[in-house]
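Remarks on the overall topology
If you want the building blocks of each chain, they are given just below.
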Amino acid sequence: LSFWYDDIAEYHPDLQQRTLVITFGDQCDPLRLHGPAVPALSLWTATGLYGNDWITDSRLGALR
């Protein structure tokens, strides 16, 4: 099973709860990540999806 940026249908970071949920449409069930690495993984994923425009995502305000 592969997880590619181009296949992401939805991206839901919750930095307060240290949770990241990513959906890939009908390819598989949603991927839920939880733990201390979530802020870094959220930033990494947002950069892969949006490039430098990640900074406009209000859900990632704590990382600015």
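Residues numbered from 1 in each chain as written. Predicted model: local features only at pLDDT ≥ 70, side-chain atom pairs only at ≥ 80, totals over all residues. Heavy atoms only, no water.

This part is about the overall build of the protein. Assigned secondary structure in the protein consists of 1 helix and 3 strands. For the protein, the succession of helices and strands along the chain, N to C, is β-β-β-α. Here the protein has a C-alpha radius of gyration of 11 Å; the compact-globule value for 64 residues is 11 Å, and the two agree. The dimensions of the protein, computed from C-alpha atoms along their principal axes, are 30 × 25 × 15 Å. With 64 residues in all, the protein has 28% of them scored as buried. For the protein, the accessible area works out to roughly 4500 Å², and carbon and sulfur atoms hold 52% of it. For the protein, the distance from the average position of its 4 positive side-chain charges to the average position of its 8 negative side-chain charges is 13 Å. (Helix = DSSP H or I, 4+ residues; strand = E, 2+ residues; numbered from the N terminus. Rg over C-alpha atoms; globule rule 2.2 N^0.38 Å. Buried < 20%, exposed > 50% of the residue type's maximum accessible area, 1.4 Å probe, protein only. Areas by Shrake-Rupley, 256 points an atom, 1.4 Å probe, with all protein chains shown as cover. Lys, Arg positive; Asp, Glu negative; His and termini not counted. Charge placed at Lys NZ, Arg CZ, Asp CG, Glu CD.)

A word on the pattern of salt bridges. For side chains of opposite charge, pairing can occur when their charged atoms come near one another. A complete count under the given rule lists 1 salt bridge for this structure. Salt-bridge contacts for R59 lead to D57; the nearest nitrogen and oxygen are separated by 2.8 Å. (Salt bridge = Lys/Arg side-chain N within 4 Å of Asp/Glu carboxyl O.)

We now examine the packing of aromatic side chains. Overall, the coordinates contain 2 aromatic pairs when judged by the stated rule. With a centroid separation of 5.0 Å and an interplanar angle of 50°, the aromatic rings of F3 and F24 are classed as tilted. A residue pair is termed long-range when its members are at least 10 positions apart, and F3 in the segment before β1 (10-14) and F24 in the loop between β2 (19-23) and β3 (31-34) qualify at 21 residues. Aromatic pair Y11 and Y50: ring centres 6.3 Å apart, planes at 70°, arrangement edge-to-face. Here the residue Y11 occupies a position in strand β1, and Y50 occupies one in helix α1 (residues 38-50), the gap between them amounting to 39 residues. The exposure class of Y50 is partly exposed, given its relative accessible area of 38%. (Phe/Tyr/Trp six-rings, centres within 6.5 Å; stacked < 30°, edge-to-face > 60°.)

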